[in-house]
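Observations on the three-dimensional arrangement
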Amino acid sequence: MISMKRILTLAIAGLLTACTSQISINDVLPQQELDRTIYLRGDFTLWDAESQYQFAPVGPALYQAQVKFSTPGKVYEFKIADADFSEGYNCGYSDAQPAGQKLTLGQPAIADCNTIYNYFSFTPAIKGTYIVSIDYSDYDKPQVTITKK
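Residues numbered from 1 in each chain as written. Predicted model: local features only at pLDDT ≥ 70, side-chain atom pairs only at ≥ 80, totals over all residues. Heavy atoms only, no water.

A closer look at the overall build of the protein
Each helix and strand counted, the protein has two helices and nine strands in total. Secondary structure elements in the protein, listed N-terminal to C-terminal, are α-α-β-β-β-β-β-β-β-β-β. Out of the 149 residues in the protein, the part that is buried amounts to 34%. The contacts of the protein with a sequence gap of at least 6 include a subset with a gap of at least 24, amounting to 63%. As presented, the protein carries roughly 9200 Å² of accessible surface, and 55% of it is formed by carbon and sulfur atoms. (Helix = DSSP H or I, 4+ residues; strand = E, 2+ residues; numbered from the N terminus. Buried < 20%, exposed > 50% of the residue type's maximum accessible area, 1.4 Å probe, protein only. Contact = heavy atoms within 4.5 Å. Areas by Shrake-Rupley, 256 points an atom, 1.4 Å probe, with all protein chains shown as cover.)

Below you can see the structure in the form of structure tokens.
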């Protein structure tokens, strides 16, 4: 005879298995597909939208572009924007960000994608290739991060 405790344990295990099989990574990280191409645009591109600085999707709501900074100690300024610097696609630093426009290696900063003048700045300690990421997991507060490749 099966005890009530064993039946309850099997029922709970069955429910947990059913629940976990219905959750996917997309439920946790919603995908935000952009409806246009965005670029890393800055003093190193003369603020033009150049194909070599086009962002590519690398995960749900995550886009990346690479840039080579060849002068250590130089302050590089840039934005993430579409070809026309359109409203909603013209991302610079957020005035709500305590650190302001200066990006620190590996530290995410909140972007404002409706700004005209708020450029990010980054001063590399060493020359090399860097990856600039923008994460749209929270579309109202996208986060920008710069890392060394």
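On we go from here.
Structural notes on the pattern of salt bridges
On inspection of all chains with the given rule, the structure shows three salt bridges. D82 is paired through a salt bridge with R36; the nearest N and O atoms lie 3.0 Å apart. With D82 in the loop between β4 (76-81) and β5 (90-93) and R36 in the loop between α2 (25-28) and β1 (39-42), the pair connects residues that are 46 residues apart, well separated along the chain. Relative accessible area serves as the criterion here: at 35%, R36 is assigned to the partly exposed category. Through salt bridges with shared partners, a single network forms among D35, R36 and D82. (Salt bridge = Lys/Arg side-chain N within 4 Å of Asp/Glu carboxyl O.)

Concerning the environment of Y119
With respect to the secondary-structure elements, Y119 resides in the loop between β6 (109-112) and β7 (120-122). Separated by 26 residues in the primary sequence, Y119 and Y93 have C-alpha atoms spaced 6.1 Å apart. Those residues within four positions of Y119 in sequence are excluded, and the remaining contacts are W47, E77, F78, K79, Y93 and Q101.

Regarding the confidence of the model for the protein
Averaged over every residue, the pLDDT of the protein is 83; the share at 70 or more is 76%. Across residues 23-31 the pLDDT falls below 50, and counting only partners more than four positions away or on other chains, this stretch makes nine contacts in the model. (pLDDT = per-residue confidence, 0-100.)

Remarks on the pairing of β5
In this sheet, β5 lies alongside β4 in antiparallel orientation, the contact comprising two bridges. In the strand pairing of β5, A81 is matched with N90. As judged from the two bridges shared by β5 and β6, these two strands associate in the antiparallel manner. Its bridge partner being in β6, Y93 is matched across the sheet by A111. (Pairing = 2+ DSSP bridges.)

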